[in-house]
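# Descriptive structure summary
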Amino acid sequence: MPIAVVLILLVVGSLIFHFMSPWFFTPLASNWSQVDDTINITFWVTGFVFVAVNLFMAYAVIRYRYRKENRAVYDPENPKLETWLTVFTTVGVAAMLAPGLFVWAKFVDVPDNAMEVEAVAQQWHWSYRLPGEDGQFGNVNAKLITGDNPFGMDPDDPMGSDDVLVHSAELHLPIDQPVKINIRSKDVLHNFTVAQFRVKMDTVPGMVTYMWLTPTVEGRYEVLCEELCGVAHYAMRGAVVVEGRDQFDSWVAGNPTYAETLARPSGNAALGAAQYAVCAACHGQQGEGLQALNAPKLAGQSAWYLRKQLANYKAGIRGTHPDDTYGKQMAPMAMTLPNDQAVENVIAHIRSLPDNRPPATVQGDPGRGAKSYQVCAYCHGAGAQGVQALNAPRMAGMTDWYLQRQLENFKSGIRGEHPQDYYGLQMGFMAQTLQDEQELNDLIAYINTLQGDSAAAD
Amino acid sequence: MAYVAIADRDHEQHLHDPQTFIEKYIWSQDHKVIAIQYGVTAIFVGVIAMILSVMMRLQLGFPDSFSLINPENYYQFVTMHGMIMVIYLLTALFLGGFGNYLIPLMCGSRDMVFPFMNMLSYWVYLLSVIILLVSLFVPGGATGAGWTLYPPQAISDGTPGESLGIVLMLASLGVFIIAFTMGGLNYVTTVLQARCRGMTLMRMPLSVWGIFVATILGLLAFPALLVSAIMMLLDKLAHTSFFMPAMISAGEQLEHTGGSPILFQHLFWFFGHPEVYIVALPAFGIVSDVLATHARKNIFGYRMMVWAILAIGGLSFIVWAHHMYVSGMNPYFGFFFATTTLIIAVPTALKVYNWVLTLWQGNIHLRVPMLFAIGFIFTFIHGGLTGIFLGNVVIDLPLSDTYFVVAHFHMVMGVSPVLVVFAAIYHWYPKMTGRMFNETLGKWHFWMTLLGTYSIYLPMHYLGFQGVPRRYFAMGNTDFLPESAQALNASITISAIFVALTQLIFFYNMITSLRNGKKADSNPWGATTLEWQTPDTPPKHGNWGHDLPEVHRWAYDYSVPGQEQDFVPQNVPASEVPVGRDHGVHH
């Protein structure tokens, strides 16, 4: 008897939960309203069955509960009833399947006027490629992927030279324009998902997959990876910005073509030395870092990381958080480098400075820290030497007090919360797993024992 | 039978009885002892997997509050939890446990036809469990590739346990499949060859039908997993390229070229989908028998139930790629697999109708096994209906890889079969142990488990609608998630801990009742099937004493009109009581 009452309450409770739930589909921002329609049809059909069958069962349990004087009816089968139930169920199933297949046919068939973009996945980042003015993607090949050629572009394919390479996890799309997103992976399986677009597709190394949609609402939408891709899967985030055609065009123009990335200026260490005089005031003549001035060691840090951080400071992605006292000091300093050439010169000079190990200042238990470091090692390397391909900088042999402060900043959101700081966001996730100051200090004590030095020079 | 088996001759029988403690309880060839060995081992690893799930839920409910749980451990917990629950608990328990116990007893056999191989099956299974558990403690830890073990990430940098952990996992699966094959061949052969006189196929209890068809599915499906495990081992250890394409890993070019990650997924799900029914069909069968017995009524539409089991079993081999709608496979596959998948809903729905119609006009005893059986119908309806969402290819686009999927398969393949496991344990406990369990504790166990699990999984679907992806260690400040989603996650975690603790009641009841339980009659529920008609409770070695039973009727002669007693055992001759189905009421 209580079971029947509970069944009824569970049915009613489920309905109430369904209609009251604040957790439901995000507002649609693409053309795929028919996906939502199919879901609604399915809700009605399955909801009816859920309520009807369970209430019937509850009624049966009440009405035919055991009584000593009662006896069950002997009723082995009822072909007529069974046939009706089969027909009824088949009709219900067809009513759900037909619209589903109808909409799927549209999904499979990309409209002719769709523009094409390419989303490139890797552990644990997104980047993008647009076909450029010729409307054709150049050839790519996984075997050509290197630190300098992260897209694996084929230098011999003339189609590729005007391809626009987006070295960022943020893709822009023009509103109301059908777009076919070709999806490719450099390493393992990933998945390109924007909840508001309703569609998603896996990326598979060795092949190019696709999906299409028409963005219909301007805004910024998060891209999530929804196929397990390793230990930082959950931190693999990106964004799609849907905007007007003009803004989109200017965004495209702001990204380099493949030909332009090949023409990147090479640094001149001698010229950089003069520029470095400003930096030396805080970071030291040898780039050794000065704790008293809160300036970290630069010597020995990889070129790609220095380049990235200088760009972040210049773009306001770093050094703009109100509580980032020292970052705010650095930001105007970065501005004194007028152009890419100056940046490259300074980096070339820093790369020429002697890489001496600074004294350890953080006390902790390296044994316990080793355990915490296991997760860090996935990106930063077992020797904390840094891995460019994973956008993870060197930590071994660098100033440990700086490391400590940055970890605290990542943990508290002072660093890594800027919406465009995708790598910082990822580090923020990781820093969250450090429970307290002790664990953080133990970790740094362990990193202080590591010998990995900067492998990637430029 | 035109002859008497040698073992059935009077003076031969005792020679086959086990003599020593070791023969009786350790290296036992008695299907009942092997069943209990399988069952206890499976439940033991199941408890480990449940503890792992609590660890995962702690992180999800209260992110970053426990230093024990970092992303690396989390993914290891996810993987081991899933693999243990699906393979080492549910498959082993339903087939190795209940299959072993019920097939010979329900078919009126003395034992499995190959008792030595049956014993070997258990010990090889135990070996696979040991290899699996060892992988938790090797350098690098267990694999964290997710229970689907998709390459490339399962065997490349960036995934926990990509060196030793995955190798041991694949080895353990290989060993498990060997164990399963030895057991499975036995179950199928026993059903086909060793039924007692009169036990035609269409008189078999549905429990046997479910286990029988599930075993055939297993024998056909597990080889696909075995070859994929072997190929992945070769890719890992011999650097072949079955599944590994040209790719980079942590910035380095790998030597592989030309392999197909999607090929693995096809092989995996060619096994993986039938696997769902390897677990579900025995549950369908068992719950049918529990419902009929405690409702004092024949199972409604027995022939339809048998054909539905066969149809579902057959269809389960042509739906596998519905797990792969967004895998990047040729999207035109979607039309075919969505259609086959939704077709399978029809025989499945008919089974549900027939269970409910079995209750209709019954005389329902709401004892503990019956409560679990009714709870199963409820959770299975829920999980089955959400499966229609995911099977309909276009709805899978937004919902694939979200918590909707997690909620769906836990409802349909976690909670539902486990409720049947409990129904079955309570139902056959008196036969297995000769003791009754504590009814009050059993009821508490039921209520807390049903309500607890529903409060875990109902809300979880809605996190999926919202777009929360599965296999995320943390969500962080994700734009489209309201802050209340975290509160919901915390509540789910509290429910999960509640359900986990609730299981202590079950273990307490089962263990203390062994000693303190009331002595059980040989047939306390008044059931018709043969296992309740044994001369001894628990049945002795050889099950039937001197004479094998002879069957004269189907398994569901409950409340036959004109009979004083409301059940007629299968072995009662038609001369004593007319066979109900032949003379009963037909519409």
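Fair warning: this is a prediction, and the values are worked out from it, not measured in the lab.

Moving on to the interface of chain B and chain A. On the chain A side, the residues contacting the 135 residues of chain B number 112 residues. Where chain B abuts chain A, roughly 10700 Å² becomes buried across the two surfaces, and 67% of that area is made up of carbon and sulfur atoms. Among the ionic pairs, A:Glu77 bridges to B:Arg303, the shortest N-O distance being 2.2 Å. Taken together, the connections running from chain B to chain A amount to 40 residue pairs in polar contact (both at pLDDT 80 or more).

On to the domain arrangement of chain A. If you check the domain split of chain A, you get domain 1 (2-68 + 76-107), domain 2 (115-262) and domain 3 (269-447). Measuring from the centre of the C-alpha atoms in domain 1 of chain A to the corresponding centre in domain 3 of chain A gives 56 Å.

Residues and elements named next belong to chain A. Position of Thr-257 among the secondary structure elements: in the loop between helix 4 (245-253) and helix 5 (258-262). Thr-257 sits in the buried class, given a relative accessible area of 17%. Distance in space between the C-alpha atoms of Thr-257 and Val-166 is 8.7 Å, their sequence separation being 91 residues. Here Thr-257 is in contact with Ser-161, Asp-162, Asp-163 and Val-164, once residues within four sequence places are set aside.

Between helix 3 (residues 79-108) of chain A and helix 10 (residues 333-359) of chain B, whose axes approach to 9 Å, the crossing angle comes to 155 degrees. The angle between helix 3 of chain A and helix 10 of chain B places the two elements in the roughly antiparallel class. Judged by the sense of rotation from one axis to the other, the crossing of helix 3 of chain A with helix 10 of chain B is right-handed. When its residues are assigned to classes, the contact of helix 3 of chain A with helix 10 of chain B shows 19 nonpolar, 6 polar and 1 charged.

Once that is clear, we can look at the side chain of B:Thr159. In this fold, B:Thr159 is placed in the loop between helix 5 (115-134) and helix 6 (164-193). Once residues within four sequence positions are removed from consideration, B:Thr159 is found in contact with A:Gly230, A:Tyr378, B:Gly144, B:Ala145 and B:Gln153.

This next bit is on the sheet that holds strand 5 (residues 179-185) of chain A. Strand pairing within a sheet occurs via backbone hydrogen bonds; the two strands may be parallel or antiparallel. Residues and elements named next belong to chain A. Taken in spatial order, the 5 strands make up an open sheet running 3-2-1-5-8, and their pairing is mixed. Two strands bound the open sheet, and with one partner strand each, they are strand 3 (164-166) and strand 8 (209-213). On average, each strand axis in the sheet is tilted by 25 degrees relative to the strand beside it, whichever way the strands run.

Now for the environment of B:Gly174. Residue and element names in this part refer to chain B. With respect to the helices, strands and loops of the structure, Gly-174 is situated in helix 6. Classification of Gly-174 as buried rests on a relative accessible area of 12%. Measuring from C-alpha to C-alpha, the distance between Gly-174 and Phe-222 comes to 9.4 Å, with 48 residues separating the pair along the chain.

Residues and elements named next belong to chain B. In the segment running from Pro-151 into Pro-152, the intervening peptide bond is cis, with an omega of 0 degrees. Structurally, Pro-152 can be placed in the loop between helix 5 and helix 6. Between Thr-537 and the following residue, Pro-538, the backbone shows a cis peptide bond with an omega angle of -5 degrees. For Pro-538, the position within the fold is in the loop between helix 15 (484-516) and helix 16 (580-583).

About the thresholds
Residues numbered from 1 in each chain as written. Chains lettered and ligands numbered in written order. Predicted model: local features only at pLDDT ≥ 70, side-chain atom pairs only at ≥ 80, totals over all residues. Heavy atoms only, no water. Contact = heavy atoms within 4.5 Å. Buried area = accessible area lost by both parts, 1.4 Å probe. Salt bridge = Lys/Arg side-chain N within 4 Å of Asp/Glu carboxyl O. Polar contact = N/O pair within 3.5 Å; in protein donor to acceptor, adjacent residues only side chain to side chain. Domains from an automatic or database assignment. Helix = DSSP H or I, 4+ residues; strand = E, 2+ residues; numbered from the N terminus. Buried < 20%, exposed > 50% of the residue type's maximum accessible area, 1.4 Å probe, protein only. Axes fitted to C-alpha atoms, helices over the stretch in contact; angles between N-to-C directions. Parallel < 35°, antiparallel > 145°, perpendicular 65-115°, else oblique. Left-handed = near helix turned anticlockwise from the far one by under 90°. Nonpolar A, V, L, I, M, F, W, Y, C, P; charged D, E, K, R; others polar. Pairing = 2+ DSSP bridges.

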